[in-house]
Amino acid sequence: MEKSVFVKKPPCIIRHPQHYTENKGENTMTIAILAHDSRKELALQFCTAYSAILSKNVVIATGTTGRMLAQTTGLPVHCYLSGKLGGVQQITSRVACDEVDLVLFFRDPLKVDASSLNEQNLLRLCDMHGVPIATNIATAEVLLRGLDQGDLDYRRAQTIAKKMLDDGLISVAEFNKLTAINRETFSPLFAEIMPKIP
């Protein structure tokens, strides 16, 4: 009797944001990946090339992109709804709650439709919350290489300090001191031009 070959598909877990609990540790970042239909193949090739960096972090994505990404790269991907069914809004809400550290959005610059407003909202919230966002492959490469080299460690340090503040482990004054130290340590060139901390 012939043995059947069973190929296990990588997990693509669909969870609502408040049920999102996986944490690979304090040194990981949450990376959101979105792609327009005409850019999905490019996104898959890019993520395959950078799967070693992505595997060290938590990856979330809109539905179709996430399923394709999990299947192609073998990475565990937390999938939300398809972009057209509200997935962009779900990821945008994660950005608004400071639960996303980096966004890779493979956009088709010639695409204009009803979902463009949702995408503009994502870009606006990334700007408001200081979340690095790449909208093309060149910027995505710079961000992931920077992440791998420690260029985004300031964001990690601030995330840890914010969690300590939220958990009541430190006071607002201590949080502000940590923020000032983080600015001087991780981005001394920008520390002078960043808004002053009370």
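As shown above, the structure is provided for reference.
Description of the structure in this document.

About the cut-offs
Residues numbered from 1 in each chain as written. Predicted model: local features only at pLDDT ≥ 70, side-chain atom pairs only at ≥ 80, totals over all residues. Heavy atoms only, no water. Helix = DSSP H or I, 4+ residues; strand = E, 2+ residues; numbered from the N terminus. Buried < 20%, exposed > 50% of the residue type's maximum accessible area, 1.4 Å probe, protein only. Contact = heavy atoms within 4.5 Å. Pairing = 2+ DSSP bridges. Arc of directions from axis to C-beta. Core = buried A, V, L, I, M, F, W, Y, C linked by side-chain atoms within 4.5 Å. Phe/Tyr/Trp six-rings, centres within 6.5 Å; stacked < 30°, edge-to-face > 60°. Lys NZ or Arg CZ within 6 Å of the ring centre and 35° of its normal. Salt bridge = Lys/Arg side-chain N within 4 Å of Asp/Glu carboxyl O.

**Focus: the overall build of the protein**
Looking only at helices and strands, the protein has nine helices and six strands in total. Buried residues in the protein amount to 41% of all 198 residues. In the protein, the share of contacts with a sequence separation of at least 24, taken over all contacts with a separation of at least 6, comes to 68%.

**Observations regarding the pairing of strand β5 (residues 102-106)**
For β5, the tally of buried residues reaches five of five residues, placing the bulk of the element in the interior. Residue alternation in β5 divides its side chains into two sets, Leu 102, Leu 104 and Phe 106 and Val 103 and Phe 105, and both sets are buried. Pairing geometry for strand β2 (residues 30-35) and β5, over five bridges, is parallel. Each residue of the ladder has a partner; that of Leu 34, found in β5, is Phe 105. Taken together, the two bridges between β5 and strand β6 (residues 133-134) define a ladder with parallel strand orientation. Counted as the bridge partner of Leu 104 is Ala 134 from β6.

**A closer look at helix α1 (residues 40-49)**
Taken residue by residue, α1 has Lys 40, Ala 43, Leu 44, Phe 46 and Cys 47 as its buried positions. The buried residues of α1 occupy an angular sector of 165 degrees when projected down its axis, which confines them to one face. As for α1, its buried residues are in contact with β2, α2 (51-54), α3 (63-73), β5 and α6 (137-149).

**Comments concerning the side chain of Gln 158**
You can see Gln 158 is positioned in helix α7 (residues 153-166). Taking relative accessible area as the criterion, Gln 158 reaches 14% and is therefore assigned buried. The residues touching Gln 158, leaving out its near neighbours within four places in the chain, are Phe 175, Leu 178, Thr 179 and Asn 182.

**Considering the nonpolar core**
Counting 27 residues, the largest nonpolar core has Ile 33, Leu 104 and Leu 144 as the members making the most contacts within it. Filtering out sequence-adjacent residues up to four positions away, Leu 104 remains in contact with Ile 31, Ala 32, Ile 33, Leu 34, Phe 46, Ala 134, Ala 140 and Leu 144. Listed in part, the 17 residues of the second largest apolar core include Ile 60, Tyr 80, Val 88 and Ile 133.

**Some points on helix α4 (residues 87-96)**
Counting buried positions over the 10 residues of α4 gives seven, a clear majority of the element. Against β2, β3 (58-61), β5 and α5 (116-129) lie the buried residues of α4. Just beyond α4, the residue with positive phi is Asp 98, at close to 55 degrees.

**Side note on the packing of aromatic side chains**
Under the defined criterion, the tally for this structure stands at two aromatic pairs. Pairing Phe 46 with Tyr 50 gives two aromatic rings, centres 4.8 Å apart and planes at 35 degrees, and the pair type is tilted. The pair formed by Phe 46 and Tyr 50 is uniform in burial state, with each residue classed as buried. A connected cluster of aromatic rings, assembled from ring pairs, spans Phe 46, Tyr 50 and Phe 106. In this structure, Arg 107 packs its charged tip against the face of Phe 105, placed 5.9 Å from the ring centre.

**Considering the pairing of β2**
With six of six residues buried, β2 is to be regarded as a mostly interior element. Pairing analysis gives four bridges linking β2 to β3, with the strands arranged parallel. Bridge assignment links Ile 31 to a residue of β3, and that residue is Val 59.

**So, unusual backbone geometry**
One non-glycine residue with positive phi stands out, namely Asp 98, at about 55 degrees. Among the structural elements, Asp 98 can be located in the loop between α4 and β5.

**Observations concerning the pattern of salt bridges**
Using the criterion set out here, one finds nine salt bridges in the structure. Across the pair Arg 94 and Glu 99 runs a salt bridge whose closest N-O atoms are separated by 2.7 Å. On the accessibility criterion, Glu 99 (34% relative accessible area) is partly exposed. The salt bridge partner of Asp 166 is Lys 162, with a shortest N-O separation of 3.0 Å. Remark: Lys 162 and Asp 166 occur in helix α7; sequence separation between them is four residues, near one turn of the helix. The class for Asp 166 is exposed, based on a relative accessible area of 54%. Sharing partners across several salt bridges, the network here consists of Asp 37, Lys 40 and Lys 84.

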